[in-house]
Amino acid sequence: MTIRPLDPVQALERMMLIRAYEETLIDLHGRGRAAGTCTSVGQEAPAVGVVSALTADDLILTNHRSAGHLLARGADPGRMLAEVMGKQDGYCGGKSGSLHISAKELGVVLTSTIVGGELALATGVGLSRTMLSKPGLNQPGIVACFFGDGAATEGRFQESLNLAAVWKLPILYVCENNQWQAFVHRKETMLADGISGQAAALGVESAVVDGNDPLAVFDAASSAIDTIRRTGKPFLLEAMTYRLRGHFEPDDQGYVDKAELAHWRDRDPILCLRARLEREGRLTADGVAAIEARVRAAMEAATAFADASPYPGLDALTTDVYA
Amino acid sequence: MTTMTVNDAISVALAEEMRLDPTVMIFGEGVATKRHDLLAEFGAARVRNTPLAEGIIAGTAAGAAATGLRPVVDLLFAPFLCYAMDEIVNSAGKLRYISGGQFKFPMVVLAMTGAGWGVGAQHNHNVESWFVHSPGLKIVMPSTPADFKGLMKSAIRDDNPVLVFADIALGYSAGEVPEDADAIPLGKAAVRREGRDVTLVSYAKTVGTCMAAADTLAAAGIDAEVIDLRSLKPLDEDAILRSVAKTGRLVVVHEASRLCGVGAEIAALVAEKAFTSLRAPVLRLTGPDAPAPASFPLEQAFVPQADAVVAAVRSLVAEPATV
């Protein structure tokens, strides 16, 4: 298949929107207007890189750090903010909060905040893709399942990859290895340097990519997706990245090694891509300013929308329990 | 009218529903091996063996249900649901609500429960009330082959997760099943025997215990009404209250242990809504707060017996009237 290229300037703008969204949320929380949240600051590249490689028919399962995945998919930041603030116009009517936003209209299914829960459900979504795919469809939809290195220490990781391999389910497992498992560094809970090594033992092909370079992620994801569409088999892509903020806002990161944090701040995916595009002459200072202005305006509009949205009526307490 | 066992009734219901709806499928450990008739008729895509991993089986069902299939999963023995608790309770039961009603979860979880095979506590544990206590689920626990068939059909057609507990001692019990019988609605109790003096409420194998007790009581001139709940959630409150309004006395009989069991709920329901009808205290006859033993006589002693029901009713009838 032909891989449509990723426009690096558009990728940068999308990453900047994700960063601005999460910074807005942190600010709203600081002012007591939104609940605390788990951000994905520093992890914008895997979100934009992988989601840009998907087609509209593909489905996404994600986890508690989902804002990047949703916004990369084109979610409306106003409806996202409204959801986090518990408002009626949020994607889930205010019932999800920040941790479990799903948006059927965007193909974002079943955001799970039980760590590893998305891995258990992904096989089922893959199964329905397989069972319900129309004959003659030359590009049947795949399933992208985002999880972290913490989820990879759960038994469900092994169970999920094993079943997906045995049943040949079209799942792109995306491990955003951000080095942190809540308040515990990955090196404290696993001896291996990454998790992709486990894939081969389960019969799943894998690749590792620089998770702070959205263009590299896009290329790796496109290639993985092409393999999945050709073979019908699952694939594991491990994106090595870093969680630049704490586990849950607010978090002083007192437990984080200062030198390690500094090292990864120098590799901030947004700053690095911007510098590269400026260096290559593909983006001017005016261009950057224009993006910043657009992102700021989008977040101002989003905040105004969320502010204006009413809280759900109290009858919503017991609606949507059963279909 | 055909005579068949409970096990056959479940298979017949599955076959009929799979014929009607191509999205119905079944998977679980040994399913394709044991239900070879289904495998022969519907093929290996719709009748699948799985690894021995209840969590991924249930999670796969939840993911598949959310995206267009109607899976039935066989998790074998009820205590194994502990391994699948997260997927059943946190995912299947909650994600409709969390998503603001965007997704539905039309799935069925089958499991064997109760005494009868001497299989010991890790294979024999009546866990139904755990799931009754969890929002978003429906729980069925029938007592006759006809009900198993009719309720399985409803469970498969229902757009919500339904747990069907099959009492192991009933598996090979036979009964008449009308050939043209269709689905039996969830949430409707059956009056197995009409009576004026006392209401015996039960479900699964202890319905038979209550029927035997009612025969003995009838010989002594005490007229017992026997109600088979069939569905524990939704619960047919009207059937219970209507009967107690008539008889003024209630004994609840089940094999699961007493503390926070279904009997506690029924006793509280009657205390709240039919207090003035009561002519005697509500009694519960249940299994003990102990793991189930493997030794056959101990296992039988675990289950409330007909003579205990008779004794309980006699103690109530001897109570002086309170109104």
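Residues numbered from 1 in each chain as written. Chains lettered and ligands numbered in written order. Predicted model: local features only at pLDDT ≥ 70, side-chain atom pairs only at ≥ 80, totals over all residues. Heavy atoms only, no water.

*Asks:* Would you explain the pairing of strand E5 (residues 108-113) of chain B in this entry?
*Replies:* On a regular strand, one side chain projects to one face of the sheet and the next to the other, so that they alternate. All names here are of chain B. Of all six residues in E5, five are buried; the element is thus mostly enclosed. Pairing geometry for strand E4 (residues 70-77) and E5, over four bridges, is parallel. What sits directly across from phenylalanine 77, in E5, is methionine 112. Pairing analysis gives six bridges linking E5 to strand E7 (residues 162-167), with the strands arranged parallel. Paired with valine 108 across the bridge in E7 is valine 162. (Buried < 20%, exposed > 50% of the residue type's maximum accessible area, 1.4 Å probe, protein only. Helix = DSSP H or I, 4+ residues; strand = E, 2+ residues; numbered from the N terminus. Pairing = 2+ DSSP bridges.)

*Asks:* Before we go on, may I ask you to explain the pattern of salt bridges in this structure?
*Replies:* Charged atoms that come close allow side chains of opposite charge to pair. All names here are of chain B. Counted under the stated rule, the structure contains 37 salt bridges over all chains. A salt bridge links aspartate 147 to arginine 230, with the shortest nitrogen-to-oxygen separation between them at 3.0 Å. Within this pair, whereas aspartate 147 is found in helix H8 (residues 145-157), its partner arginine 230 is found in the loop between strand E11 (224-228) and strand E12 (231-233), the two being separated by 83 residues in sequence. Across the pair, exposure class does not vary: aspartate 147 and arginine 230 are buried alike. Here the salt bridges share partners, and the residues they tie into one network are Glu16, Glu17, Lys149, Lys153, Arg157 and Asp182. (Salt bridge = Lys/Arg side-chain N within 4 Å of Asp/Glu carboxyl O.)

*Asks:* Whenever I open this one, the sheet that holds E4 of chain B confuses me. Can you help?
*Replies:* Think of a sheet as strands paired side by side through backbone hydrogen bonds, with each pair either parallel or antiparallel. Residues and elements named next belong to chain B. In spatial order, the strands read E3-E2-E4-E5-E7-E6-E12; together these seven strands make up an open sheet with mixed pairing. Because the sheet does not close on itself, it has two edges, and the strands there are strand E3 (47-49) and E12. In this sheet, neighbouring strand axes are inclined to one another by 20° on average, regardless of whether the strands run parallel or antiparallel. Looking at chain direction, strand E2 (residues 24-28) and E3 are connected through three bridges and run parallel. (Axes fitted to C-alpha atoms, helices over the stretch in contact; angles between N-to-C directions.)

*Asks:* Help me understand the environment of alanine 292 of chain B, please; the structure alone is not making it clear to me.
*Replies:* Residues and elements named next belong to chain B. Its place among the elements puts alanine 292 in the loop between strand E14 (283-287) and helix H12 (296-302). Assessed through its relative accessible area of 9%, alanine 292 is described here as buried. For the pair alanine 292 and leucine 95, spaced 197 residues apart in sequence, the C-alpha separation works out to 33 Å. Contacts of alanine 292, omitting those with residues within four sequence positions, involve Gly120, Ala121, Asn124 and Phe302. (Contact = heavy atoms within 4.5 Å.)

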